[in-house]
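Architecture and fold: a report
Residue-level listing of the chains:
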Amino acid sequence: MTAVEISEAVRSGQRSARSVVDMSLSTIGAGEAEVHAFNLVAAEQALAQADEIDRMVAAGEDPGPLAGVPVALKDNLCTRGMGTTCSSRILEGWVPPYDATVVELLRNAGAVFVGKTNMDEFAMGSSTENSAFGPTRNPRDLSRVPGGSSGGSAAAVAAGFAPVALGSDTGGSIRQPAALCGVVGVKPTYGLVSRYGLVAFASSLDQIGPLAATVADSARVLDVISGPDARDSTSIGDPQPPVSATLGDGVDGLRVGVLAELSGDGIAPDVAARVRAAVGALEAAGARVAEASVPAAVYGLSAYYLIAQAEASSNLARYDGVRYGLRVDAPSTPGMNTATRSAGFGDEVKRRIMVGTYALSAGYYDAYYGRAQKVRTLIVDDFASAWEQFDLLVSPTSPTTAFSLGERTDDPMSMYMSDVCTVPVNLAGQAAMSVPYGVGDDGLPVGVQILAPALGEPVMFRAAAVLEASLQ
Amino acid sequence: MGQQRITRAECARVAALARLELTEEELERFTGQLDELLGHVAEVEALDVEGLAPTMHALPIANVLRPDVPGEVLDRDEVLARAPLAEDGQFRVPPVLGEAP
């Protein structure tokens, strides 16, 4: 059942939230040992939440637009009374004293939290292999990675553990795993969704968004979690129109650009073929298609890795063994800080903190970080020119289908390359989503990325709905 | 890639700045990996960005102000209960200057 179907059935009393959550938990029980989508399955809390939803329905109250819908939450979203680890030893056992804003909004909409999903440690990675608690496997083929860093959330949806999940996307961490697992994944415009209670990685790039089996489900979740929040000073102040309302409006007359810089070299031929098929479907539905160019997008990855790591090195300074999480004792505080961080962080996190520290250090700031911020301006300007000619842009989400476990773990550069199509969007603060569009030569899912200007979500979702319908 | 961009000694200095202690094996591996990564991102050095303003945030964001009245805050005891060590309503740490006897 989709989230939309579940909520209608629960709200109308046709089905109890408890039976829905029971089914979700038994699906998890049957498949979780193989997939390892979760760091924590909160069966008891989920059933108690479901009973409360059923009590409300019985009392004639409306539990909300996600009544009884099982939701899986990425383990970097703070949940009061439920452990939040970011898949790191340094936060193992920590139970947040508060809920993230998105968690509060989902709760108030009647959603039920079935658990916290596995991820690359502190969202640093593209395969969910950088987890202190072991990798997640792709439910479509257990020998492959689910993508990352929101790999547990994408796998949970693909395996049918929950119809929807939340992830976070700093450089593609929602869209890339969604593509590799064959589900829908949305990176909203920066500031559309509050980041309060999202454990920070790179604050000027991070954004929370939904993963779901259908476009309509991802739209419903986005409508629930978006909106201004006084607790996040970067959240957009004005409420935006719901994307669900215009989902069926089609793409007739829309100007769609095929992003040249992200469609040529380095894109696997079978992936490129599926993107062409998707473009054809949009054209058949009335869109006017032409080639688009965002020349600076090719520098996205380099600028991204400097900016994201610089911000990360600053954000992760807070894990010092003083206030929460792990502490490794030493005779002095500086010694304790160093011992704690050296024992608590995994390889990739250390590597990125080092890159960021280097890029910000005296003598290198102008050459690396300062320059990357100016390249970011180039990318923003090039996108702005493209938006004068186009309503939407299209590209692959990932250059390849899901790769094998272990294939890229020894070679950080090859791992980073899987984000080449997604990072420019984060640098420009824009919206984008990945929609599954058939399979590649290996039978594994291919995702098509739809890019929209800032706050272009309603139009972006219309195109996603057209693509989804064209496959049926 | 041409010349080496980061030496083992620089790598060790950066680790110390970041409050990380690396084993010999880690230091060796990270030096090579950081060097490769910096070689790759060096493409930004070749770009003409003269006269461009840096972008800190992609969207125009202004400071948000609110009336200066006390709001809800986290409960102190609840927060301290999650700390590695707390005493008298405060976080407790080893000596900051010098070492414990």
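Residues numbered from 1 in each chain as written. Chains lettered and ligands numbered in written order. Predicted model: local features only at pLDDT ≥ 70, side-chain atom pairs only at ≥ 80, totals over all residues. Heavy atoms only, no water.

1. What to know about the overall build of chain A
Quick note on the threshold: Under the scheme used here, helices are H or I runs from DSSP no shorter than 4 residues and strands are E runs no shorter than 2 residues, and both carry numbers assigned from the N terminus. Atoms counted for the radius of gyration: C-alpha only. Globule rule: 2.2 Å times residue count to the power 0.38. When accessible area is computed with a 1.4 Å probe and restricted to protein chains, residues below 20% of their type maximum are described as buried, those above 50% as exposed, and intermediate ones as partly exposed. Two residues form a contact once any of their heavy atoms are found within 4.5 Å. Computed with the Shrake-Rupley method and a 1.4 Å probe, the accessible areas treat only the protein chains shown as cover for residues.
Looking only at helices and strands, one finds 15 helices and 11 strands in chain A. Over its C-alpha trace chain A gives a radius of gyration of 21 Å, about what one expects of a compact globule, namely 23 Å for 472 residues. Structurally, chain A occupies a C-alpha span of about 60 × 55 × 45 Å along its principal axes. The proportion of buried residues among the 472 residues of chain A is 63%. Once local pairs closer than 6 in sequence are excluded, the contacts in chain A between residues at least 24 apart make up 76%. Working note: accessible area of chain A is about 14200 Å², and carbon and sulfur atoms make up 52% of it.

2. Brief notes about the packing of helix H9 (residues 300-315) of chain A against helix H12 (residues 366-389) of chain A
Residues and elements named next belong to chain A. Stated formally: Comment: axis = line fitted to C-alpha atoms, over the contacting stretch for helices; angle = value between 0 and 180 degrees taken between N-to-C directions. Any angle between 65 and 115 degrees counts as roughly perpendicular, while under 35 counts as roughly parallel, over 145 as roughly antiparallel, and the rest as oblique. Each crossing gets its handedness from the near helix: less than a right angle anticlockwise from the far helix is left-handed, clockwise is right-handed. In the scheme used here, Gly and all other residues not listed as nonpolar or charged are polar, with Ala, Val, Leu, Ile, Met, Phe, Trp, Tyr, Cys and Pro taken as nonpolar and Asp, Glu, Lys and Arg as charged.
As a packed pair, H9 and H12 sit with axes 9 Å apart at the nearest point and diverge in direction by 130°. When the interaxial angle is binned, H9 and H12 end up oblique. As for how H9 packs across H12, the hand of that crossing is left-handed. Along its contact with H9, which presents Gly300, Ala303, Leu306, Ile307, Ala310 and Glu311, the element H12 presents Tyr368, Tyr369, Ala372, Gln373, Val375, Arg376 and Ile379. A breakdown of the residues in the contact of H9 with H12 according to their chemical character gives 9 nonpolar, 2 polar and 2 charged.

3. Some remarks on the packing of helix H8 (residues 269-284) of chain A against helix H15 (residues 457-470) of chain A
Residues and elements named next belong to chain A. It is at 10 Å that the axes of H8 and H15 come closest, and there the two elements cross at 105°. With respect to H15, the axis of H8 lies roughly perpendicular. Between H8 and H15, the contacting residues are Ala278, Ala281 and Leu282 on the first element and Ala463, Val466, Leu467 and Ser470 on the second.

4. Comments concerning the interface of chain B and chain A
Under the convention used in this document: Throughout, the accessible surface (probe 1.4 Å) given up by two parts as they are put together, summed over both, is called the buried area. Note on definitions: salt bridges are taken to be side-chain nitrogens of Lys or Arg within 4 Å of carboxyl oxygens of Asp or Glu. Residues adjacent in sequence count toward polar contacts only when both atoms are side-chain atoms; beyond that, a polar contact is any pair of N or O atoms within 3.5 Å, and within protein one must be able to donate a hydrogen and the other to accept it.
Residue-level contacts link 53 residues of chain B with 66 residues of chain A. Both sides of the chain B and chain A interface together cover about 5400 Å² of buried area, and 65% of this is carbon and sulfur. For the chain B face of the interface with chain A, the top three residues by lost area are B:Arg19, B:Leu20 and B:Arg82, together amounting to 12%. We note a salt bridge from B:Glu78 to A:Arg80, for which the minimum N-O separation is 3.1 Å. Counting every contact that joins chain B to chain A gives 21 residue pairs in polar contact (both at pLDDT 80 or more).

5. Re the sheet that holds strand S10 (residues 431-439) of chain A
Residue and element names in this part refer to chain A. The test is simple: Between any two strands, at least two bridges found by DSSP are needed for them to pair.
One open sheet holds the 11 strands; their spatial order is S1-S3-S2-S4-S6-S5-S10-S11-S9-S7-S8, and the pairing between them is mixed. The sheet is open, and its two borders are formed by strand S1 (38-41) and strand S8 (288-292), each paired with just one other strand. The sheet shows a mean angle of 25° between the axes of neighbouring strands, taken without regard to direction. The strands touched by helix H2 (residues 17-35) are S1, strand S2 (70-74) and strand S3 (112-117); relative to S1, the strand with the most contacts, the crossing angle is about 135°.

6. Brief notes about the pattern of salt bridges
Residue and element names in this part refer to chain A. Under the defined criterion, the tally for this structure stands at 26 salt bridges over all chains. For Arg220, the salt bridge is made with Glu8, and the minimal N-O distance between the two is 3.0 Å. Here Arg220 is found in helix H7 (residues 215-225), whereas its partner Glu8 is found in helix H1 (residues 3-11), with 212 residues between them in sequence. Through salt bridges that share partners, Glu52, Arg55 and Glu61 make up one connected network.

7. Remarks on H8(A)
Because each turn of an α-helix spans 3.6 residues, side chains separated by three or four positions in sequence point in the same direction. Residues and elements named next belong to chain A. To keep things clear, this is the line we draw: Between the first and last residue of a helix there are one fewer steps than residues, each counted as 1.5 Å, and that sum is the expected span.
Counted at 1.5 Å a residue, the expected span for H8 with its 16 residues is 22 Å, and the 22 Å between its end C-alpha atoms agrees. Residues Asp270, Val271, Ala272, Val275, Ala278, Val279, Ala281 and Leu282 constitute the buried set of H8. Of the residues one or two after H8, Gly286 is the one with positive phi, at around 110°.

8. Remarks on unusual backbone geometry
Leave glycine aside and you will find that most residues have negative phi; peptide bonds, for their part, are mostly trans. Look at the link from A:Gly148 to A:Ser149: it is a cis peptide, with omega at 10°. Of note, A:Ser149 is situated in the loop between S3 and helix H5 (151-158). Residues other than glycine seldom take positive phi values, yet A:Cys86 does so here, at roughly 55°. Within the fold, A:Cys86 resides in the loop between S2 and helix H4 (101-108). Among the residues examined, A:Cys86 registers a relative accessible area of 0% and is labelled buried. Not every positive phi belongs to a glycine, and B:Asp88 is a case in point at roughly 50°. Structurally, B:Asp88 can be placed in the loop between strand S1 (86-87) and strand S2 (90-91).

9. Considering the environment of A:Val193
Positionally, A:Val193 belongs in the loop between strand S5 (184-187) and strand S6 (208-212). With 34 residues separating them in the primary sequence, A:Val193 and A:Gly227 have C-alpha atoms 6.0 Å apart.

10. Regarding the nonpolar core
For clarity, the threshold we go by: For the purposes of this section, nonpolar cores are sets of buried Ala, Val, Leu, Ile, Met, Phe, Trp, Tyr and Cys residues that join through side-chain atoms within 4.5 Å.
Of all hydrophobic cores here, the largest spans 88 residues; its most connected members are A:Leu106 and A:Phe461. Look past the residues within four positions of A:Leu106 in its chain and what remains in contact with it is A:Leu66, A:Val71, A:Leu73, A:Ala111, A:Phe113, A:Leu166, A:Val221, A:Val224 and A:Ile225. One finds A:Trp94, A:Phe390, B:Ala18 and B:Leu22 within the second-largest nonpolar core, a separate group that totals 84 residues.

11. Topic: the confidence of the model for chain B
Applied cut-off: The pLDDT score gives, residue by residue, the confidence of the prediction method on a 0 to 100 scale.
In this model, chain B carries a mean pLDDT of 90, and residues with pLDDT of at least 70 account for 98%. In the model output, the complex is listed with pTM 0.97 alongside ipTM 0.93.

12. Regarding the pairing of S3(A)
All names here are of chain A. The element S3 is extensively covered by neighbouring structure, given that 6 of its 6 residues are classed as buried. Here S1 pairs with S3 via 3 bridges, running antiparallel. Its bridge partner lying in S3, Phe38 is registered against Thr117. Alignment of S2 against S3, held across 5 bridges, turns out to be parallel. From the neighbouring strand, Pro70 faces S3, where its bridge partner is Val112.

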